[in-house]
Amino acid sequence: MLLGVDEGNPQLGLIDYGQVKALTRDERLLFCKLIIALADDNKEEICTLMKEAGYKSKYMDPNILYKFAKVGYDEDNLELTEGKHIQVYMEHLHDSDPVDQIPQQYIMASRASILLRGLGHAVHQSRSVAKAWRPIAVKALEEAERNVSPVK
């Protein structure tokens, strides 16, 4: 892309399409359920879905699992992160209950969530990504339900 032409300061802008991940239908639907659980702050369902997604840690502490999901896919604020920077807080969670396996298929979704929230923080507009994505997740689940043919 050529940027800044109208301002008389042309610069080359590059787009990196390397940060792409394709999810299977089941992975997408599970993630939709997780987004809804996060938006509704349903701790028990969040933990169940994270386990189903493949998250494993040394102690499988539900409090750590819940916080990991909230910070990874939904929101971060000083209350949730105990006043720590998000990276320091994630390290704190890992030190409290070492992660053995992270659902690799959802790393890009976590990255997108964290980047969007970072932008929001920069312009003083912090948001819950799960609440913003909830209507899309509900719609995707409804469409999937309508498109399922009965088993014969």
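Note: the structure precedes this text.
These figures come from a predicted structure and were not determined experimentally.

Caption draft 1: Seen up close, the pattern of salt bridges. Taken as a whole and judged by the stated rule, the model has 7 salt bridges. Lys70 is the salt-bridge partner of Glu75, the closest N and O atoms lying 3.2 Å from each other. With relative accessibility at 23%, the residue Glu75 sits in the partly exposed group. With relative accessibility at 4%, the residue Lys70 sits in the buried group. By sharing partners, the salt bridges in this structure join Asp41, Lys70, Asp74 and Glu75 into a single network.

Caption draft 2: Molecular detail of helix α5 (residues 107–122). Compared with an ideal rise of 1.5 Å per residue, which puts 16 residues at 22 Å, α5 spans 22 Å between its outermost C-alpha atoms and is within 8% of the ideal. Within α5, the full set of buried residues consists of Ala109, Ser110, Ser113, Arg117 and Gly120. Along the long axis of α5, the arc covered by the buried residues comes to 100 degrees, so they all point the same way. Along α5, the residues that are exposed and aim more than 90 degrees away from the buried face are Leu115, Leu119 and Ala122. If you follow the buried residues of α5, they end up packed against α1 (25–39), α3 (62–73), α4 (86–96) and α6 (129–146). Just downstream of α5 lies His124, where phi reads positive at about 55 degrees.

Caption draft 3: The arrangement of the layout of surface pockets in detail. Space inside the largest pocket adds up to approximately 380 Å³. In this structure, the largest pocket is lined by 19 residues; those nearest its centre are Phe68, Met90, Ile102, Ser110 and Ile114. Contributions of two or more residues to the lining of the largest pocket are made by α3, α4 and α5. The greatest single-element share of the lining of the largest pocket, amounting to 6 residues, is contributed by α4.

Caption draft 4: Structural context of the side chain of Gln105. Looking at where Gln105 falls in the secondary structure, it is placed in the loop between β4 (99–101) and α5. Within the structure, Gln105 has its side chain in polar contact with the backbone oxygen of Ala53 (distance 3.1 Å). Contacts of Gln105, omitting those with residues within four sequence positions, involve Lys21, Leu23, Glu27 and Ala53.

Quick notes on the rules
Residues numbered from 1 in each chain as written. Predicted model: local features only at pLDDT ≥ 70, side-chain atom pairs only at ≥ 80, totals over all residues. Heavy atoms only, no water. Salt bridge = Lys/Arg side-chain N within 4 Å of Asp/Glu carboxyl O. Buried < 20%, exposed > 50% of the residue type's maximum accessible area, 1.4 Å probe, protein only. Helix = DSSP H or I, 4+ residues; strand = E, 2+ residues; numbered from the N terminus. Expected span 1.5 Å × (residues − 1). Arc of directions from axis to C-beta. Contact = heavy atoms within 4.5 Å. 1 Å grid on protein atoms, 1.4 Å probe; cavity = no way out; pocket = protein on both sides within 12 Å on 5 of 7 lines; lining within 4 Å. Points joined across faces, edges and corners; volume = space filled by probe spheres on them. Polar contact = N/O pair within 3.5 Å; in protein donor to acceptor, adjacent residues only side chain to side chain.

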